[in-house]
Amino acid sequence: LSIQSGRASCRQDLIYQILHLLLTLHNKGMAIDLDTIDVSNLNRQFLFQKKHVGKSKAQVAKESVLRFCPSANITAYHDSIMNPDYNVEFFRNFQLVMNALDNRAARNHVNRMCLAADIPLIESGTAGYLGQVTVIKKGQTECYECQPKPTQKTFPGCTIRNTPSEPIHCIVWAKYLFNQLFGEEDADQEVSPDTADPEAAWNPADAAARATASNKDGDIKRVSTKEWARSTGYDPVKLFNKLFKDDIMYLLTMDKLWKKRKAPLPLDWTEIHHLESSQEEACGTGLKDQQVLGVQGYAQLFHRSVETLRSQLIEKGEGAELVWDKDDPPAMDFVTAAANLRMNVFSMNMKSRFDVKSMAGNIIPAIATTNAVIAGLIVLEIFLNKQPNPRKKLLVPCALDPPNPSCYVCASKPEVTVKLNVHKTIVQALQDKILKEKFGMVAPDVQIEDGKGTILISSEEGETEANNNKFLSDFGIRNGSRLQVDDFLQDYTLLVNLIHSEELEKDVEFEVVGDAPDKAPTPSVPEEGKNIANGNKDSAQPSTSSKAAAEDDDVLIVDSDEEPSSSTMEASPESSNRKRKHHGADTDDAVSKRKRLDQQPADDDEDIIALD
């Protein structure tokens, strides 16, 4: 029995609660987990204690489990499931794989490895009060990727830079600002006013004449944010006046933006510094992180955090960069202060440090009791609803959907069509943004079906590096070209059809044609001997063997080192036809609606558990 465990999310702790249940049936196993125990892990499971903070999760889990199950034989490894050592043959050593991961990349990978090894996969997870368990069996049920998942929510650059209307816009801006000042600069994360905003449609010459921004140091200069900050020695006061006074006054010159919006109100350091302290008392009670400070309080926090981060840069030496981490106090203080000051400028209610951290770090609240319930129900196909359904049930069993014959992962001959501009798309973008990021491959090899077998991308380091910055058209790729893509680690082959287009939307580099089917159609029965599926070259028929080698491990706990996704799971009420939204264990998953068993009478409650 194989278990995959996630990192930095409630699902990572779910897996350890499952462990006790499993060891009543299996007493031999292997624990693999790349993560170490953090303080935030202590409130959502029962194996880790304060004394374990900083130690390997796998090792501590092993020690904790052995205390209540001394007969168990567990080997602990500090490693990642994405390690190439855990190949298809490794997965074939197990009779069953159980997932409790927290990110899509690792989920896609384990899904493909299980399909390739023809091993059943039980997908499970929790998010707040919600929980879900589903079974994935090759050839019989949908795989994890049969239904498209919603992409991470993004916001237009002009909204972030010019016209924020929600706190999350200001928090994203503050995270961008951290990178622009102290981290790795990214042109897509610019924070200065966007003069190209099509909604503004103003005359720059007229605006310049009306602008009243200061001519002193700190005034707007058309240089990079980091270059300007360095020239001031990262002076907190000059940074403050540029970001919250001069830039805002510059925005006000784009008067068309404010005809239907409330105009922003610039902040001045000197004026704020002389505010009466009685006006700056913190709002709210309870823990310090849950209090909302006043403008003066956040201005002072901004000043302190800039000084601290400046010192960290100096200590690291010339050319050093900082990496934003929600668990790094100075970095979190900076984002909290900058975001709240911008919220004040744009007349929004400010947020506590706790709220800002939750949004900036994409944190989904973890509840130990939900983890415990789902751990106990993991052997069932069941949903734990946030609210009772029309029949007043919280725990709802449901039927499994068949595979989606159009799925580009588990179909008999996976194929996908991608629309892009072959004259503007370089090979590096094809590899990183399309094959790895969009289609979840780890080490793709790409061959052009041009009759010559031209190798476009090789997973062997250095073999095709010279191709990286060339355009696809340089290799004769045009409208209708086909690419055969192989990922030997995942034992996965994908045929990619390319459509050349010069009419893609602005900032859209490619589109996957037919990427959002509403519902998986019923698959046709394949002809015997003609169905060749990924990972099982002999036959696409699911394995019915329950035998396992005597020396095979029964339990394996594995972790992923990928970051979680950003979206949160929301509860969906049942529709009138008894369909229920299937929530994936990944917090940004919204899978297909699943019908209840037709044979179940309306008043037959024998297979439904009601929680009062």
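Starting afresh in each chain, residues are numbered from 1 along the sequence in its written order. Local features are withheld for residues below a pLDDT of 70 in this predicted model, meaning they are given only at 70 or higher, and side-chain atom pairs are given and counted only at 80 or more; totals for whole chains, interfaces and linings count all residues. The side-chain numbers reported here are obtained from all heavy atoms of the structure, hydrogens and water having been left aside.

Digging into the sheet that holds strand β10 (residues 444–448)
Convention followed: Strand pairing is assigned whenever DSSP identifies at least 2 bridges connecting the two strands. Starting at the N terminus, helices and strands are each numbered in turn, a helix being any DSSP run of H or I of at least four residues and a strand any DSSP run of E of at least two. Only the stretch in contact is used when fitting a helix axis, every axis being a line fitted to C-alpha atoms; angles between N-to-C directions are given from 0 to 180 degrees. Whether two residues are in contact is decided by their heavy atoms, any of which lying within 4.5 Å being enough.
Taken together, the six strands give an open sheet; going across it, the order is β11-β10-β12-β13-β9-β14, and neighbouring strands pair in mixed fashion. Single-partner strands in this sheet number two, and they are β11 (454–457) and β14 (510–512). Geometrically, the sheet is characterised by an average inter-axis angle of 30° between neighbouring strands, direction not taken into account. For strand β12 (residues 482–487) and strand β13 (residues 492–500), the ladder comprises six bridges, and the chain directions are antiparallel. Bridge pairing in β13 links V485 to L494. Lying over the sheet, helix α15 (residues 427–438) contacts β9 (415–420), β10, β11, β12 and β14, oriented at roughly 70° with respect to β11.

Comments concerning the pairing of strand β6 (residues 130–136)
Applicable threshold: Buried means the residue's accessible area, taken with a 1.4 Å probe over protein chains only, is under 20% of the maximum for its type, while exposed means over 50%, and partly exposed covers the values in between.
The buried fraction of β6 is high, at six of seven residues. Here strand β5 (residues 121–127) pairs with β6 via seven bridges, running antiparallel. The partner of G125 across the bridge, within β6, is Q132. Count of turn residues in the β5/β6 antiparallel hairpin: two residues, of which G128 carries a positive phi of about 65°.

Notes on the confidence of the model for the chain
As a reminder, the rule being used: Here pLDDT means the predictor's own confidence in every residue, given as a number from 0 to 100.
Per-residue confidence for the chain gives a mean pLDDT of 75; residues scoring 70 or more make up 71%. Low pLDDT, under 50, characterises residues 1–12; the predicted model gives this stretch 86 contacts beyond four residues in sequence or across chains. Between residues 516–612, whose pLDDT stays under 50, and residues either more than four places distant or in other chains, the model counts 271 contacts.

What about the nonpolar core?
Using the following cut-off: The criterion is simple. A nonpolar core is a set of buried Ala, Val, Leu, Ile, Met, Phe, Trp, Tyr and Cys residues joined through side-chain atoms within 4.5 Å.
Judged by nonpolar contacts, the single largest core of 53 residues is most densely connected at W173, F182, F240, F244, F302 and F334. Mapped by element, the contributors of at least two residues to this core are α6 (167–182), α8 (225–231), α9 (236–252), α10 (269–273), α11 (295–316), α12 (329–345) and α13 (353–360). Not counting residues up to four positions away in its chain, the partners in contact with F240 are K245, L267, D268, W269, I272, A299, F302 and L341. C407, F439, V485 and Y492 belong to the second largest nonpolar core, which has 49 residues in total.

A short note on the packing of α6 against α12
Cut-off, in case you're wondering: The scheme is simple: roughly parallel for angles under 35 degrees, roughly antiparallel for over 145, roughly perpendicular for 65 to 115, oblique for anything else. By convention the crossing between two helices is left-handed if the near helix lies anticlockwise of the far one by an angle smaller than a right angle, and right-handed if it lies clockwise. In this count, Pro and Cys sit with the nonpolar residues alongside Ala, Val, Leu, Ile, Met, Phe, Trp and Tyr, while Asp, Glu, Lys and Arg are called charged and the others, Gly among them, polar.
At a minimum axis separation of 8 Å, α6 and α12 run at an interaxial angle of 130°. Considering the angle they form, α6 stands oblique to α12. α12 is crossed by α6, and the crossing has right-handed handedness. Note on element contacts: α12 touches α6 through A331, F334, V335, A338, A339, R342 and M343, opposite P167, C170, I171, W173, A174, K175, L177, F178, L181 and F182. In the contact of α6 with α12, the residues fall into 15 nonpolar, no polar and two charged.

Concerning the side chain of S192
Tracing the sequence through the fold places S192 in the loop between α6 and α7 (204–210). Judged by its relative accessible area of 11%, S192 is buried. When near neighbours in sequence (up to four residues on either side) are disregarded, S192 contacts R161, T225, K242 and D247.

Some points on the pattern of salt bridges
Put simply, the rule is: The working definition used for a salt bridge is a side-chain nitrogen of Lys or Arg within 4 Å of a carboxyl oxygen of Asp or Glu.
All told, the structure shown has 14 salt bridges when counted by the stated rule. In this structure, E89 and R92 form a salt bridge, with 2.5 Å as the shortest nitrogen-oxygen distance. Owing to a relative accessible area of 36%, R92 belongs among the partly exposed residues under this scheme. For D268, the salt bridge identified is with K245, shortest N-O distance 3.1 Å. You can see D268 sitting in the loop between α9 and α10 and its partner K245 sitting in helix α9, a full 23 residues away along the chain. Among the residues examined, D268 registers a relative accessible area of 13% and is labelled buried.

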